[in-house]
Amino acid sequence: GDSVTQMEGPVTLSEEAFLTINCTYTATGYPSLFWYVQYPGEGLQLLLKATKADDKGSNKGFEATYRKETTSFHLEKGSVQVSDSAVYFCALRRAGNMLTFGGGTRLMVKP
Amino acid sequence: DAGVIQSPRHEVTEMGQEVTLRCKPISGHDYLFWYRQTMMRGLELLIYFNNNVPIDDSGMPEDRFSAKMPNASFSTLKIQPSEPRDSAVYFCASSLGGNTETQYFGPGTRLLVL
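Quick summary incoming for the structure in this document.

Reading the values: rules and limits
- Residues numbered from 1 in each chain as written.
- Chains lettered and ligands numbered in written order.
- Predicted model: local features only at pLDDT ≥ 70, side-chain atom pairs only at ≥ 80, totals over all residues.
- Heavy atoms only, no water.
- Pairing = 2+ DSSP bridges.
- Helix = DSSP H or I, 4+ residues; strand = E, 2+ residues; numbered from the N terminus.
- Buried < 20%, exposed > 50% of the residue type's maximum accessible area, 1.4 Å probe, protein only.
- Contact = heavy atoms within 4.5 Å.
- Phe/Tyr/Trp six-rings, centres within 6.5 Å; stacked < 30°, edge-to-face > 60°.

1. So, the pairing of strand E6 (residues 53-56) of chain B
Residue and element names in this part refer to chain B.
Okay, step 1: Where strand E5 (residues 42-50) lies against E6, three bridges are found, and the strand directions are antiparallel. The residue bridging phenylalanine 49 from the neighbouring strand is proline 54, located in E6.
Okay, step 2: If you look at the hairpin formed by E5 and E6, you'll find two residues sitting between the two strands, and asparagine 51 has a positive phi there, around 50 degrees.

Here is the structure:
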């Protein structure tokens, strides 16, 4: 079945450091891919998405490119802030708008 | 828009008791999803509805779990009887449309079964 694998956290960075959170997927066909972010005590919020191969999703300085050849959708940001501290989830959409999530990666940014 | 509303935000109950979680989706959204989040299993889809009709409940763990959507603006997830292993955060999400649209999540209900 479809699955999503994320790098395990926590990822601890200093402010202004470069961020990469790896995400790979297994799926039939070419599913849409998403990154969601969960701040402490809150529900998930969509961060960015890509619907087809080579698409780049971007939002709030975060980017991710849909790589069909490597079945990956890695999340990157050039300069993280303390306010980016959260849990990040990679997900793919299956038929019927069902989402399959990765295990989540906790990011901690220190001043 | 108020977003997806869930209640209660926190629930503490004893094993064997009935628990009912509530969700109000964003007005106009025709898809509603119930998820469970635990440290061990991550975020799992339990069931989803389209136009108030349950479409896929394959993620519902046991017969102790049931979900209803009597109208477009309200859904419940019930656990009867509850067990300690049901302790988790339960999220409701809604979306407009099936194949291309974003799911919007509520703040979740944190359930603790003692």
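2. Comments concerning the environment of A:Val87
Residues and elements named next belong to chain A.
Okay, step 1: Secondary-structure assignment places valine 87 in strand E10 (residues 86-93).
Okay, step 2: For valine 87, a relative accessible area of 13% puts it in the buried group.
Okay, step 3: Sequence separation of valine 87 and methionine 108 is 21 residues, and the distance between their C-alpha atoms is 8.8 Å.
Okay, step 4: What valine 87 contacts, discounting residues up to four positions off in sequence, is Tyr36, Val37, Gln38, Gly104, Thr105 and Arg106.

3. Here's the deal with the packing of aromatic side chains
Okay, step 1: Summed over all chains, the structure comprises 14 aromatic pairs over all chains.
Okay, step 2: A ring pair is formed by A:Phe101 and B:Tyr35, whose centres lie 5.6 Å apart and whose planes are at 80 degrees; its orientation type is edge-to-face. Of the two residues, A:Phe101 is situated in strand E11 (residues 99-101) and B:Tyr35 in strand E4 (residues 31-38); the pairing between them involves two chains.
Okay, step 3: The class of A:Phe101 is buried, set by a relative accessible area of 9%.
Okay, step 4: On the basis of relative accessibility, which here comes to 0%, the residue B:Tyr35 falls in the buried class.
Okay, step 5: Through pairs of rings, three or more aromatic residues link up here, namely A:Phe34, A:Tyr36, A:Phe89, A:Phe101, B:Tyr31, B:Phe33, B:Tyr35, B:Tyr48, B:Phe91 and B:Phe105.

4. Some words on unusual backbone geometry
Okay, step 1: With omega at 0 degrees, the peptide bond leading from A:Gly9 into A:Pro10 counts as cis.
Okay, step 2: As for its placement among the helices and strands, A:Pro10 is situated in the loop between strand E1 (3-6) and strand E2 (11-14).
Okay, step 3: Note that the residue after B:Gln80, namely B:Pro81, is joined by a cis bond; omega there is -10 degrees.
Okay, step 4: Secondary-structure assignment places B:Pro81 in the loop between strand E8 (74-79) and strand E9 (88-95).
Okay, step 5: Not every positive phi belongs to a glycine, and B:Asn51 is a case in point at roughly 50 degrees.
Okay, step 6: When you line up the elements, B:Asn51 lands in the loop between E5 and E6.

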